[in-house]
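Listed below, chain by chain, are the residues.
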Amino acid sequence: MDFTKKVFREVGADAMLTESEDLRFYLTGYPSTFGFVYTDAQESILFTDPRYAESAKAAMKGQYIGVEIARSADAVLDYIKSKKIRKLAVPFARTTLPQMAQLKKRGFKAVDSMPAFTAAMERKTDAELALIARACTIAEEAYIRLLGQLKEGMTEQDTAALLEYEMRRCGAEDRSFETIAAFGANSSVPHHRPDHTALRKGMPVLLDFGCKAGGYCSDITRTFLFGKNGDGTFAEAYAAVLGAHSAALDGVRAGMSGAEADGIARSFLRARGLDKFFTHSLGHGIGVNIHESPTLGPSGKGALQEGMVFSIEPGVYFEGRFGIRIEDTVHLTAGGAVSFMKTDKKLTVL
């Protein structure tokens, strides 16, 4: 699909210029560390430097975007100036003050393209959904492989590295974000950074991970026990989080707000006296970026729509003891939320 025209139609400008790496990828499907996408009513051009020229031309062959070489932003702005463009759309949230000053100096009137990008990226096409589904499948395949390799004495860093290796082996292009592996009491920190804590029998294990396929992300969290644990509190809390997860998965519908979706899981935990331990939002949008619109949380105001992809990830965290999070990547259909994940979410004891 021609995403450049889709976004451009909504910006209300003479032309649109996009430099940000993620937005540039969204428009072109071509990954690079340098480049600009220029779009007006007649043409779309990917300006890049000689490092990418050959591969960019091959990738764009037969597509709706041309490829030109430009070694600097100035060269791109010179081209736009030659087109007699006055009103130029750029994503304000990704544009620095010096960049804005440069646009003003050259006589451009800048308008914000970010709202148009946000709206377009919220609802995924079938092709985008297929890529996200592939990223989810890869992540789950890697997780299953990892479970068979966990051994007492492995560290969190060992585990995170092995999981990332297995995702690569299964076909991932990259990880979606820095993998979280948290053992024992470390799991009570929602975004714990893996360290040298060693795995011991009876420890809770929380793994939050994801990968990219075709430039699109997956996000999954699984919590389990490495050997039997006599702490009945853990099993009770796990059952509550799983119940909250299932309630949200079953209850989310198009048309409700992100806050209402969050409230489904939060109310389930509140009825069990656990809502104060649920310290983050229910979920976030997922696509080219691991965090996109919509927001499913107490501040989530926008209406959820069919075609959106987001996480459902309730959790509870008991400081210095343990934490539990259960997360799937899901997409919203006319009938409700459908998970991309297939792995069993019942409490696993290795």
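See the structure shown above.
Here is what the cut-offs are and how they apply
Residues numbered from 1 in each chain as written. Predicted model: local features only at pLDDT ≥ 70, side-chain atom pairs only at ≥ 80, totals over all residues. Heavy atoms only, no water. Phe/Tyr/Trp six-rings, centres within 6.5 Å; stacked < 30°, edge-to-face > 60°. Helix = DSSP H or I, 4+ residues; strand = E, 2+ residues; numbered from the N terminus. Buried < 20%, exposed > 50% of the residue type's maximum accessible area, 1.4 Å probe, protein only. Lys NZ or Arg CZ within 6 Å of the ring centre and 35° of its normal. Pairing = 2+ DSSP bridges. Patch = residues over 30% accessible without salt bridge, like charges linked within 9 Å, V, L, I, M, F, W, Y side chains within 5 Å. Areas by Shrake-Rupley, 256 points an atom, 1.4 Å probe, with all protein chains shown as cover. Salt bridge = Lys/Arg side-chain N within 4 Å of Asp/Glu carboxyl O. Lys, Arg positive; Asp, Glu negative; His and termini not counted. Charge placed at Lys NZ, Arg CZ, Asp CG, Glu CD. Core = buried A, V, L, I, M, F, W, Y, C linked by side-chain atoms within 4.5 Å. Contact = heavy atoms within 4.5 Å. Polar contact = N/O pair within 3.5 Å; in protein donor to acceptor, adjacent residues only side chain to side chain. Disulfide = S-S within 2.5 Å.

(A) Structural view of the packing of aromatic side chains. As enumerated under the stated definition, the model contains 13 aromatic pairs in all. Between tyrosine 38 and tyrosine 79, the aromatic rings sit 5.8 Å apart at their centres with planes inclined by 85°, giving edge-to-face as the arrangement. Here tyrosine 38 is found in strand E2 (residues 36-40), whereas its partner tyrosine 79 is found in helix H4 (residues 73-82), with 41 residues between them in sequence. Taking the relative accessible area as the measure of exposure, tyrosine 38 reaches 0% and is therefore buried. With a centroid separation of 4.5 Å and an interplanar angle of 40°, the aromatic rings of phenylalanine 277 and phenylalanine 318 are classed as tilted. In this pair, phenylalanine 277 sits in the loop between helix H10 (258-270) and strand E13 (283-285) while phenylalanine 318 sits in strand E16 (residues 315-318), placing the two residues 41 residues apart along the sequence. Residue classification places phenylalanine 277 among the partly exposed residues on the basis of a relative accessible area of 22%. One aromatic cluster is present, formed by Phe234, Tyr238, Phe277, Phe318 and Phe322 through successive ring pairs. For the cation-ring pair, lysine 201 lies above phenylalanine 226, with the distance from its terminal atom to the ring centre recorded as 4.6 Å. One Lys or Arg, arginine 266, reaches over the ring of phenylalanine 278 and ends 4.0 Å from the middle of that ring.

(B) Spotlight on the pairing of E16. Every second residue of E16 is oriented toward a common face, with Gly315 and Tyr317 on one face and Val316 and Phe318 on the other, all of them buried. By the bridge criterion, four bridges tie E16 to strand E17 (residues 322-325) in an arrangement that is antiparallel. Within E17, the position partnered with glycine 315 by the bridge is arginine 325. Between E16 and E17, which pair antiparallel and follow one another directly, the connecting turn spans three residues, one of which, glycine 320, has a positive phi of 75°.

(C) Fine view of a positive patch on the surface. Taken together, the side chains of Lys81, Lys84, Arg86 and Lys109 present a region of like positive charge at the surface. Relative to the helices and strands, lysine 84 resides in the loop between H4 and strand E5 (87-90). Using a relative accessible area of 74% as the deciding quantity, one classes lysine 84 as exposed.

(D) Focus on the nonpolar core. Judged by nonpolar contacts, the single largest core of 63 residues is most densely connected at Val7, Tyr26 and Phe117. Examining the composition of this core, we find that nine residues originate from one element, helix H7 (residues 126-147), more than from any other. Excluding anything up to four places from it in sequence, phenylalanine 117 contacts Val7, Met16, Thr18, Leu23, Tyr26 and Leu27. Formed by 31 residues, the second largest nonpolar core is a distinct cluster that contains Phe234, Leu274, Leu332 and Ala337.

(E) Inspection of the environment of arginine 193 at higher detail. Relative to the elements of secondary structure, arginine 193 occurs in the loop between strand E8 (180-183) and strand E9 (203-209). If near-sequence neighbours (up to four positions away) are discounted, arginine 193 is found in contact with Glu156 and Glu178. A distance of 3.3 Å separates polar atoms of two side chains, one belonging to arginine 193 and the other to glutamate 178.

(F) Just the state of the cysteines, in detail. Applying the stated criterion to the full structure yields zero disulfides. Free cysteine cysteine 217: the closest other cysteine sulfur is in cysteine 211, separated by 8.6 Å.

(G) Unusual backbone geometry, seen in detail. Cis peptide bonds are those with omega within 30 degrees of zero, and the linkage from serine 293 to proline 294 qualifies with 10°. Checked against the element boundaries, proline 294 lands in strand E14 (residues 292-296).

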